[in-house]
Each structure stands twice: as C-alpha cells, then as structure tokens.
Amino acid sequence: MFEFFFKYPRSVYTRGHLALLGAWPTWMLVALIVAAAAGLAWLIRARLAQAAPVMQSWRAWVVWGLETLLAAILLVLLWQPAITVAELKPQQNIIAVLVDDSRSMGISEGGITREAQAVKTLEGGVLDGLNRSFQTRLYRVDDVPARIDNLAALRPAAPSTRLGDSLKQLSEETSDLPIGAVVLLSDGDDNSGGIAEDTLNALRARHIPVHTVGFGRERSEHDVELDDAVVAPRALADSRLAARITLHQRGYAGQKIELTVRDVSAGQPKILASRTVTLGAGGNLQVETLMFNIGGAGAKTLEIAAGPLAGEENTANNRLTRVVNVGSEPRRILYVEGEPRWEYKFIRQAEEDDRMVQIASIVRTTENKFYRQGLADLKELADGFPTRPEDLFVYQGLIIGSVNAGYFTPGQQELIRQFVDRRGGGLLMLGGQFALGDGDWNASPLTDLLPTVLPTQAGTFHREADPAHGTTHATAELAPAGVDSIITRLVDDPAANAAKWKKLPYLMDYEDPGIAKPGAAVLANMITPEGRTLPLLITENFGHGRTAIMATGGSWRWQMSSPLGDTAHDLFWQQLLRWLVSDTPGHVAASVPAQMLLDSGAITFTATVGDQQYNPARDAKVEAHILGPSGVSALVEMTPVPDSPGQFQAAWNAPKEGAYLTEITAQRADPATGVFKELGRDVLTFQRMDGVAENFHVEQNRALLEHLSAATGGQYWKPAELGKLAGAIPFSEAGVTVRETKDLWDLPLVFLVLVLLRFAEWWLRRKWGIV
C-alpha cells in the first residue's frame, strides 16, 4: 500500500534527501507562494461584500486556505521535487543472511519449528530475489557467526544465543568486504542481555542496515515461567533461609501451583520446602517467598521449581538453580547488659540451642562490678568492655542492653562506630530503663549509627504490670516490611505468621524508639496501652555493617506465657542473632558478580582484604585457588584495584560445565623478617551451566529485533512481508553505492491530493448552498 501511493519503498524516504531540480532559486518559490496566498486573500476580501451572506464569515477563509494550498503544491511541482538516495550497485555488494541456529529456534508452533519456518521463507523466493541483484552469503548464528554453504546445514541445537556478539564479530571479519546489508532471521531470544552499544556503533560506522525478521509467538498461550529466585549466597549451617521467587504465567489465572525448594547437591534430591499458591492475573509478575532450613555446612545446590501444570507449552522454564555456600565456623556476639534482668537470661537460653552462635556477655551487677559469661578463656573481657580494635573486632555482633551511654568512654564509643562501619559488624540495641533515649544515647556521638531518630524527652521507657490486676499492656504485631523478612517469620505461611504475631503474649515493658530513618525497615510494631503504634523492631544497614533496635526488654514473656512446646520466642531470637552476624566479613571477603554462569565461563573474582584492625591491606599478596569438575585446578594471582585500597581482582574462565570451589587467601610480609604471614581466607562457590538460558523467555522478543533494526537503519519484517525485502535493501549507504535521483512530481499521492483539494472546495460550496 505504501508503494502504491509513494511510488518507491519506505527505505527511499528514510535514507534519502529531498531536492528541488528546477533551475529557478528556492527563494523565488517561497516568494511566489507568499504572493499567491496574498493575491487570493485580496481577491476574496474584495468580493466579500458582494458574496452571499453565508460566505461573509470564516467560511470564506476556509476556501482561501484550500485554494492557497492547491496553488502552493502546483508551484512546488514546477520546481521539480525529487529525492536523492544512495543505491547499492547490482552484483557488486554482499548481503549477509544470518539465521538463528539456537535451541529456541527448534520450538514447534503449529506443527513446524521456528527454524523450519525461516528456511521455508527463504526458499520461497526471498533468496532468489536477493541473488538477482546481489551476492548473498549464508551464516548460522548462536554465540558466534559461522558461514554455511546452504540451508541444509542448519541444526537448531546451539545452547545459547548472543546476537550482539555475533553481529560485532561479523562486522570485524568482513571489514574488507562490501557488505550492503544484513538480514537476520531470529526469535530475538538473546542470552547476553541485549545488543551492546559498541555493537550498534560498529554497524553504524559502516552504515550497515540490519533487517530483522521475527519468528515465534509474541505471547505464549499456556505457560508458567520462573523469572528469578533470590537466595542468600552465604549462610551459617542450619540457618533458615528465604527463597524469594518471581514468576509469571499465561493461561492459568486463578489456578493453584506448587512451589518447591530442593537440595540437589547429593545424589538424591531432598525437598527443603514446598507451598501451594494461587496464580494471579496473566502476564503479571507474582512474588512468593518460601522459608527453608539450609542444613549442614558445605556447598549446596538448590533447585527452585514451580509445577508443572497440565498443558504447559514449555516446562523447561519451571526450574532455576541457585548455589549457597554454607559455613561451619561459629559466630561470636558480645552482649553488654547494664542490669540483671529476665531478658538477658532468656536471650542466652535461646542462644544455647544454636550451635552456630555464641554469646560472650558482661552484666553489670553493681556500680563497679560485672559478671562475665560464655568466655573462650579466662582472660576474655577481664578488663570489661574492650578498648582496642583487635579485642572488639574478634566478635561479629554486639548487643547493648539497658546500659547508659555514659558507661562507655568516648574512645569506646568511637570503637563501637568502627566496629559497624569499618569492621562490618552487627549492632543490636535493646530497650530498657537505661537504654536508648532514657540512657542518653540521643546525645551520644552514635546517633547516626542507629536506625531511628531517638526521642529527645526523658521517660520513654514503660513497664507494665499483669493485666489480671487491672492494668493494660503493649502487644506486638507484624509490620508490612516484616512479612517477607526471615527475622520475623515464625510460621512459614505468611497469613498464619501474621496471625501468630498478634497472638504473642503481651510485652512486659516497652520503650519509644523514636521515628524510623528513611533508609530503615520497621519489621514489627507494638500497640501501646494508649492505642499508639510504635516501632518495635527496626533494622538498617550502616557502612559495611548493620544496626537494629528491639525496643523492649520484655519479650521474655513470649516464652514464659506461651504453651509448653511453643518455639516462637527462641526461633525469633535465633533468627535475629543470626541476621546480626551472618554477613559480618572476615579479614578477607570474596565475591563474584553472579554465582550461576550461563553459557559462558567468564568470571571476575573480587576480594576485600583488611589487616588485623580491618584497615585496607594495600600491600597484601592475594591468590585464588580454584578447584572444578573433571580435575580442573588453577592458581590465579589477584591484582590491586586502582583507587580502591584493599580491593583485589582477577579474571578467569571456567572451562567446563559444573560446580567450582574457590578459596581466596591473603598474605602479608612481616616488616621485620620479610616472612609472609596469612591475614585470612575466604571460600566461595559458583557453577557453570550451559544451555539453560535458551529455555527461558522463549516468546519472540520483538522489541529487541525492532530496536536493532531501527538503530542501524534497517526494518523489522514479518515473514509474510518478505516479498518486498529485495526491493527495500538496495537503498543503503553501505558497500559499493551510486547516488540516484528519483522524481517526486508524478507520485500517485500528489495527484490524489490535488483531486481531493478541488473536491473538498466543491463539496463545501455545495454544502453551504453557493454552487
């Protein structure tokens, strides 16, 4: 239809430049158009008085506008309008025809695979049409382009697709060839995350247009797909973890599906958690959280799965794999309490059942005496709260109970700040009669460390008597941010968990913690006797560590007043204490951008190394010791990262599919002897999996194909439209070209517009009764 009205293909107008071929100057054309408009206006105005009454209004100027436009078009035609466009010389340019040969092109739709549709389209006259004017070269593309002699060489079995990398490599390999255009037949299922800007720039630099042809349905009819599953990459042994699962579906709205988390590390898969959920509206992202116990120490491979449901078109996208490194080294917490109280006793009792968390404590019994518990040796804490970094930094967490801020010297308060900010430890502040605002912490240098703005007035701590004697009390309830938090999950089912919080026994006391800061998360609230809602449990990240406030010293009633066998109190405190210390790093903290490597072994190790006081160890010697499948072993030296003191990196390539274990070690030379001494070590795991990404997002990615063609000056085509491809390709500035001039004065559209203008004036005059 476009060419019927405009005579030439659309590409002529998108790539060409308008020109006027007449011998007269352009300013004369503009002057004549203005003169014609003015003359017609003068003529109409002069005759307006003798015109019919109906025309003595705005209608006269409508007629003037139509006649002026008609005159302007006729004058432009006298100046011989044309369009100049670069056109490929016949048989002197190469058209590269690329066919996606990845596994997703083997998906069958309507009894025929996508690749078979592409082959059928090319053999149906498209290749013959191109060969009449150009030289053509056939390529199959997956990770890289590979030239083929004929279409029979295509086999849709490649485990991944990297369209951007393939196009960039093709541009580089054909830099000395006259490539006139690229035709890409694909479903757009690119596993690299999209077309990189440097690829587009390379194609633009050579003016190569990429014409994309899309195959595959743009929307599945019946399918459930897991989009993501977020699981902590590290955990302590026997920790409860949360798998935050994101999924979407089409065709199953309102139906139920089972979500499961399995440990597939050993030979026999073990179900760690399962829950049946109801699917929401089609196409919308749905987020569900499953809680599970990760079990003993070691590298764990988890499979997160959904369903499958009857009639699914693709069940391979119902599973995701995640890797968790489970540590076995116990974490230590220093607990400083300003007075003997029940809260202290019950927190320690909850900790006794957790072999991974150990509490060393100081309890002030009188003004100048304190009681120590949970010591590693008799010298530990012999002088009270530590005054040196190397003494405090051996702990991963710090709890401060009902202790006035003045108990700590200015040096110790600064040490607490560095414990969180520099060392990356966790700090938990409890409510009490000498805590928070009533303990002058609102006037201490550590106010910015806390997750709330503490009240400035005194009297924020309240102790309630037994309601059986006629007094009221404060109760706890779950806050919105606590719904998916592992700290506050007492029961796996979200609705039952919220109900469980409301049924917890009342708090023996509570303290107003103030207003939560913008970056803080309120996980639980408390309802005071006056009906006020105050934050109960607030958390926040600070520096390299994290801080929290539990604004009560009376949660012990959750244990004392609950039925025998109720584990809510102990479970809550065990989860809170594990959160406090789980992410506290050692002297070496190693990481990788992603623990799952899909279709590529490229990986970058990063290690942050600190000395004994956790200051950046700039001069450390850092190495990565790698063990992989089938005897793979490597030792990689890591180099300092510029402008990032204490940070080291190394790039490596995992050659085989499977699980890898990497130990990062850091050493430092003794200034006196020159002998290297170990600073620390860290262990991480990752896994390479090939061919998995092709199972996901198998619907045609039309948006990517349209973006690629638009960014390079090409066009997106549907297979049924390819009969016009051979006529559109010649108009390109790539390869060997000649500039052609094409007349525009004889366009069918021009004749149609002229006729419509005359008809419109006649029709309006007739309607107004003046014909």
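What comes next is a walk through the structure. Within every chain, residues take consecutive numbers counted from 1 along the sequence as written. A pLDDT threshold of at least 70 governs which residues receive local features in this predicted model, and a stricter bar of 80 or more applies before side-chain atom pairs are shown or counted, although totals over entire chains, interfaces and linings include all residues. For the side-chain quantities, the full set of heavy atoms in the structure was used; hydrogens and water were omitted.

**Regarding helix H10 (residues 410–421)**
For the purposes of this entry, the term helix denotes a DSSP run of H or I that reaches at least four residues, the term strand denotes a run of E that reaches at least two, and both are numbered from the N terminus. To estimate the expected span of a helix, subtract one from its residue number and multiply by 1.5 Å. In this model, H10 (12 residues) spans 16 Å end to end at C-alpha, consistent with the 16 Å of a helix rising 1.5 Å per residue. Residues of H10 that are buried include every one of Gln412, Gln413, Leu415, Ile416, Arg417, Gln418, Phe419 and Val420, and no others. It only takes one pair of heavy atoms within 4.5 Å for two residues to be counted as in contact. Turning to H10, the residues buried within the fold contact helix H9 (389–392), strand E21 (397–400), strand E22 (426–430), strand E29 (533–542) and strand E30 (545–550). Between buried and exposed lies partly exposed: a residue is buried under 20% and exposed over 50% of the maximum accessible area for its type, with that area taken using a 1.4 Å probe on protein chains only.

**A short note on the nonpolar core**
Among buried residues, the Ala, Val, Leu, Ile, Met, Phe, Trp, Tyr and Cys ones that are joined through side-chain atoms within 4.5 Å form a nonpolar core. If you look at the biggest cluster of nonpolar residues, it comprises 101 residues, and the most contacted ones within it are Phe292, Phe572 and Trp573. Sort the elements by how many residues they give to this core and helix H13 (residues 568–582) lands first, with 8 residues. Residue contributions to this core reach at least three from each of two domains, namely domain 3 (224–327) and domain 4 (331–582). Within the second largest apolar cluster, 27 residues are counted, among which are Val592, Ile603, Val622 and Trp652. Throughout the structure description, domain borders are defined by an automatic or database domain assignment.

**Observations concerning the sheet that holds strand E16 (residues 298–306)**
To summarise the sheet geometry, strands pair through backbone hydrogen bonds and adopt either a parallel or an antiparallel arrangement. Two strands form a pair only when DSSP identifies at least two bridges running between them. The sheet built from 5 strands is open, its strands ordered E11-E17-E16-E13-E14 with mixed pairing. Both outer strands of the open sheet, strand E11 (234–236) and strand E14 (270–278), are each paired with one neighbouring strand and no more. The average undirected angle you get between the axes of adjacent strands in this sheet is 25°. All axes are obtained by fitting lines to C-alpha atoms, using only the stretch in contact for helices, and the reported angles, taken between N-to-C directions, cover 0 to 180 degrees.

**Some thoughts on helix H3 (residues 26–47)**
The first and last C-alpha atoms of H3 sit 32 Å apart over 22 residues, in line with the 32 Å expected at 1.5 Å per residue. Lining the buried residues of H3 we find strand E1 (17–20) and helix H4 (58–78).

**Things to note about the pairing of E21**
Going residue by residue along E21, you find Gly397 and Ile399 tucked away on one face and Leu398 and Ile400 tucked away on the opposite face as well. Pairing of strand E18 (residues 331–337) with E21 involves 4 bridges; the strand directions are parallel. Pairing of Val336 across the sheet is with Ile400, part of E21. If you view a crossover with the strands going away from you and the path from the first strand over the helix to the second runs clockwise, you call it right-handed. Crossover connection from E21 via H10 to parallel E22: handedness right-handed.

**Some remarks on the side chain of Ser709**
Inspection of the secondary structure puts Ser709 in helix H14 (residues 702–712). According to the relative accessible area criterion, Ser709 is buried, its value standing at 2%. Non-local contacts of Ser709, meaning those with residues more than four positions away in its chain, are made with Val210, Thr212, Gly714, Gln715 and Tyr716.

**Some thoughts on the sheet that holds strand E39 (residues 716–717)**
Judged by pairing direction, the sheet is mixed, and its 6 strands sit side by side in the order E7-E6-E3-E8-E9-E39 without closing on themselves. The two strands at the open ends of the sheet, each matched to only one other strand, are strand E7 (145–148) and E39. Judged from the 7 bridges that link them, strand E3 (residues 94–100) and strand E6 (residues 135–141) form a sheet pairing that is parallel. If you follow Leu98 over to E6, its bridge partner there is Tyr139. Packing against the sheet, helix H6 (residues 163–173) makes contact with E3, E6, E7 and strand E8 (179–186), and its axis sits at approximately 160° to E8. Strands in contact with H14 are E8, strand E9 (210–214) and E39; relative to E9, the strand with the most contacts, it is inclined by about 160°.

**A short note on the pairing of E18**
Counting buried residues in E18 gives 7 out of 7 residues, a clear majority hidden from the surface. Here E18 shows two buried faces, one formed by Arg331, Ile333, Tyr335 and Glu337 and the other by Arg332, Leu334 and Val336.

**Things to note about the pattern of salt bridges**
The term salt bridge refers to a pairing of a side-chain nitrogen on Lys or Arg with a carboxyl oxygen on Asp or Glu at a separation within 4 Å. Following the criterion strictly, the structure yields 38 salt bridges and no others. Between Glu197 and Arg204 there is a salt bridge, with its nearest N and O atoms 3.2 Å apart. What emerges from the salt-bridge pattern is a single network uniting Glu67, Arg758, Glu761 and Arg765.

**Notes on the packing of helix H7 (residues 197–205) against H14**
Where H7 contacts H14, the two axes come as close as 9 Å, and the packing angle between them is 40°. Considering the angle they form, H7 stands oblique to H14. Handedness of the crossing formed by H7 with H14: right-handed. Contact residues: H7 offers Leu200, Leu203 and Arg204, while H14 offers His707, Leu708, Ala711 and Thr712. Reported orientations rely on four angle classes, namely roughly parallel under 35 degrees, roughly antiparallel over 145, roughly perpendicular from 65 to 115, and oblique for the rest. Throughout, a crossing is termed right-handed when the near helix is turned clockwise from the far one, and left-handed when it is turned anticlockwise from it by less than a right angle.

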